[in-house]
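# Architecture at a glance
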There are 2 protein chains.
Amino acid sequence: MPAKRANVVIAQGGGPTAVINSSLYGVVRGMSEGLDDSARIWGARGGIVGVFDEHWVDLCKPQQSLWDEVAHSPGAALGSCRKRLADGEAEAAVRIFQKKEVRYFFYIGGNDSMDTALQIGRAAESLNYELHTVGIPKTIDNDLMGTDHCPGFGSASRYFAQSCVDLGADVRSLPTPVSILEVMGRNAGWLTAATMLARDEPDDAPHLIYVPEVPLVREKFLADVRDIYDKQGWVVVTVSEGLKDENGQFLGEQRIEAIRDGFDHALPGDVAATLARLVASELEIRARSEKPGLCGRASALLASTTDRTEALNVAHFAALKALEGETRFMAALHRDSDSPYRVHYETVPLTQVANLERLLPFEYLTPQRNDLVKEYRNYVQPLIGGSLLRHAH
Amino acid sequence: MPAKRANVVIAQGGGPTAVINSSLYGVVRGMSEGLDDSARIWGARGGIVGVFDEHWVDLCKPQQSLWDEVAHSPGAALGSCRKRLADGEAEAAVRIFQKKEVRYFFYIGGNDSMDTALQIGRAAESLNYELHTVGIPKTIDNDLMGTDHCPGFGSASRYFAQSCVDLGADVRSLPTPVSILEVMGRNAGWLTAATMLARDEPDDAPHLIYVPEVPLVREKFLADVRDIYDKQGWVVVTVSEGLKDENGQFLGEQRIEAIRDGFDHALPGDVAATLARLVASELEIRARSEKPGLCGRASALLASTTDRTEALNVAHFAALKALEGETRFMAALHRDSDSPYRVHYETVPLTQVANLERLLPFEYLTPQRNDLVKEYRNYVQPLIGGSLLRHAH
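So, here's what we can say about the structure.

Thresholds, definitions, all that
Residues numbered from 1 in each chain as written. Chains lettered and ligands numbered in written order. Predicted model: local features only at pLDDT ≥ 70, side-chain atom pairs only at ≥ 80, totals over all residues. Heavy atoms only, no water. Phe/Tyr/Trp six-rings, centres within 6.5 Å; stacked < 30°, edge-to-face > 60°. Buried < 20%, exposed > 50% of the residue type's maximum accessible area, 1.4 Å probe, protein only. Salt bridge = Lys/Arg side-chain N within 4 Å of Asp/Glu carboxyl O. Helix = DSSP H or I, 4+ residues; strand = E, 2+ residues; numbered from the N terminus. Core = buried A, V, L, I, M, F, W, Y, C linked by side-chain atoms within 4.5 Å. Contact = heavy atoms within 4.5 Å. Nonpolar A, V, L, I, M, F, W, Y, C, P; charged D, E, K, R; others polar. Pairing = 2+ DSSP bridges. Axes fitted to C-alpha atoms, helices over the stretch in contact; angles between N-to-C directions. Arc of directions from axis to C-beta. 1 Å grid on protein atoms, 1.4 Å probe; cavity = no way out; pocket = protein on both sides within 12 Å on 5 of 7 lines; lining within 4 Å. Points joined across faces, edges and corners; volume = space filled by probe spheres on them.

With that settled, consider the packing of aromatic side chains. All names here are of chain B. What the rule picks out here adds up to 28 aromatic pairs over all chains. When the ring of Tyr159 is compared with that of Phe160, the centres are 5.3 Å apart and the planes differ by 75°; the resulting orientation is edge-to-face. On the basis of relative accessible area, Phe160 is assigned to the buried category, the value being 0%. For the ring pair Phe317 and Tyr345, a centre distance of 6.0 Å and an interplane angle of 40° mean the geometry is tilted.

As enumerated under the stated definition, the model contains 42 salt bridges over all chains in all. In this structure, the salt-bridge partner of Arg297 of chain B is Asp170 of chain A, at a minimum N-O distance of 2.7 Å. Separated into two different chains, Arg297 of chain B in the loop between β9 (287–290) and α10 (305–323) and Asp170 of chain A in helix α6 (residues 153–173) make up a pair that spans both. For Asp170 of chain A, a relative accessible area of 1% puts it in the buried group. The closest approach of N and O atoms between Arg288 of chain B and Glu290 of chain B, which form a salt bridge, is 2.8 Å. Owing to a relative accessible area of 0%, Glu290 of chain B belongs among the buried residues under this scheme.

Counting 80 residues, the largest nonpolar core has Leu360, Leu372 and Tyr376 of chain A together with Leu360, Leu372 and Tyr376 of chain B as its most contacted members. When residues of this core are traced back to their parent elements, those giving at least two are α6, β6 (178–183), α7 (190–193) and α11 (374–380) of chain A together with α6 (153–173), β6 (178–183), α7 (190–193) and α11 (374–380) of chain B. When neighbours within four sequence positions are excluded, Leu372 of chain B is seen to be in contact with Ala193, Met196, Ile209, Leu360, Tyr364, Leu365 and Thr366 of chain B.

A few words now on the interface of chain B and chain A. For an interface, size is often stated in terms of accessible area lost upon the parts coming together. Taken together, the 56 residues of chain B in the interface contact 56 residues of chain A. Scanning the region where chain B abuts chain A turns up two salt bridges. Residue composition of the side of chain B that touches chain A, by class: 27 nonpolar, 14 polar and 15 charged.

Looking now at the sheet that holds strand β8 (residues 235–240) of chain A. Residues and elements named next belong to chain A. Strand order in the open sheet made by the four strands is β7-β8-β6-β9, with parallel pairing throughout. The two strands at the open ends of the sheet, each matched to only one other strand, are β7 (208–210) and β9 (287–290). Sheet twist, expressed as the average angle between the axes of neighbouring strands with direction ignored, equals 20°.

With that out of the way, let us pick up helix α4 (residues 89–99) of chain B. All names here are of chain B. Along α4, the positions that sit buried rather than exposed are Glu89, Ala90, Ala93, Val94, Ile96 and Phe97. On an axial view of α4, the arc spanned by its buried residues comes to 160°, and they lie on one face. Buried residues belonging to α4 abut β1 (7–12), α2 (48–53), β3 (56–58), β4 (102–109) and α5 (111–126). Just beyond α4, the residue with positive phi is Glu101, at close to 55°.

The next point concerns empty space enclosed by the protein. Per the counting criterion, the structure on display carries five cavities of 30 Å³ or more. What the largest cavity holds in volume is close to 80 Å³. Considering the residues around the largest cavity, the lining is formed by Glu182, Asp270, Ala272, Ala273, Ser289 and Lys291 of chain A together with Glu182, Asp270, Ala272, Ala273, Ser289 and Lys291 of chain B. Counting only elements with at least two residues in the lining of the largest cavity, the list comes to α9 (271–283) of chain A together with α9 (271–283) of chain B. Here the residues of the lining of the largest cavity sort into four nonpolar, two polar and six charged. Of the volumes computed, that of the second largest cavity is approximately 50 Å³. What lines the second largest cavity is Tyr159, Cys295, Ser299, Leu301 and Leu302 of chain A together with Gln162, Ser163, Asp166 and Leu302 of chain B.

Structure follows, in structure tokens:
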């Protein structure tokens, strides 16, 4: 089996998470177990861009102590990128791999990165070059198809749910009556929905949750806020950064839509600030907004231990499957039960993942579509790795 | 000494902090030690407003286990308020105290609350009623006169500095080249300045720090960002929410200035979002903003152990001084040395604190006034209670 003596390239794409480097370590550990000492394991710097630049670092060399530190660090240790492949680039990547005798390519990323991996896998096949192309799931948005959930999501869920507990303790005690917490998530509301975990007693924050799958109707939103305010005098609302109105327009500032990222998605504006101004002007209730933003995906202190373990294990599983000869797959998590929480790992073809987006199913929403049902709590609770820190009041 | 058999009222004013309830517990513990069993210790709900409503709760009753939980909870356990006394209200408060045989009034708060305490103390004197009126310092803004620093500040400093470490790890690894982190602080830049602690190596975040004591010149700001961007390709900036331009105008959205809080200060808008749009439009560099907002003063997980201990101890000290017969004072922290860090507690007359504001001295700023000198690090480092969690890169 010549492939087992061949070289490896690993890259990290898209937005980092708190556990993205645990995935990296999982691949390195798995491949180290299966390859002989002559094999090189490289990390491409800056995602797929680093593949083309041949800006590769040797991942066999680091000591265990450094790995322990790296695996627990947020931010992509190799550097990341936002880039779609242009015509001919998949073939160009394969030729570089061929030149360096790379037989295994692992891309740790979200749905765009899975597409990149798939294209490279197909190009290798058409060039008749044996390359094992593997996707490792990673996204706080939890929007990858084919997997119960995505590494990174549990940690971000823990961060935003804990922030919502803390925010509730503050707002409850001081008459800043309305606070709107903005949560990351452009199209998929999984992460915003996870703030429901902050609620332990009926009047706990969050009182209203709005996800981007449901167009926001301003009058309905204002009536919802008014209703809670009249009932208890304070309101904590959580909203996805990607909320859109009935016309499909982002609710944040329009000006920022002119700025586009590398994938040519419009960047959402500051939806929480926009809604806070709406509450203040229309309801004449003092309102403010909080937006931890990138901090929510970069906190090692608030990372979920379950998420970290799974990030490492599913990546390790992927490496072993590649060594067994599988290719053009993403490693995935399959949930066997909620309670006790149990998962196993499996492979799904990249064709079933690439470029697709898994939105929050409507059956997780209450009929009013401004809150989540208990089935969603059952889904997300095990992923955050233990209880939140709750406060007396 | 009849006063020692008399009753006690404690209230919490202004914005909560992560350790405001440690202060509450400190007062209760101190007074419990000095008063006999017949004395009542009441907490007024909702700050000074609760004094007038006579909405008081018995603080002698809670078990130690509940106190342990309350003391570690963010948010004001008694509830808080933003209210200035109107004419005659100080006298009205004294008459209520007289009716209930209250001889000790403790107000845990910032400079506005200190003014309330002073007015009530003066009214008691003019009404010839013996009342011990005591201020307990509490503000994340660190802007009280007469004390080396304020309980609440160290914990918020830890939160924002750690958030800046985490944000740096994320932004360094992904080409979202500019992130602007908004830090609480309307007029005083102490807390924003504390983000300097995130920097361990020269290229670590934050790269630029702007405090409200220095008017922001847009062209200078853009040139600063451009310069760092050209040098290293990524920039993390921290800014105070209260940044103003050369004309003294808040840099955030103007519309929100119409909304005013109970003290009739204009509320600042979203300065980080405003500056991110400025960078994107003027420099054509992708920029975004993060604004943890209230979450930054409500995190028990990121509270400083030093801050928590001091919050309790200075409040306990205040109780003992009141029992010794002192009145119309604020308990304060006096720093004896930076390294080893040592403080002692003392009293300062409320007249030297009330309504005054201690801004960040210019000698802590670099000549460019977009960063802090090492003397400020020496000042703030001991207050955050140990090292930050740093990350590999």
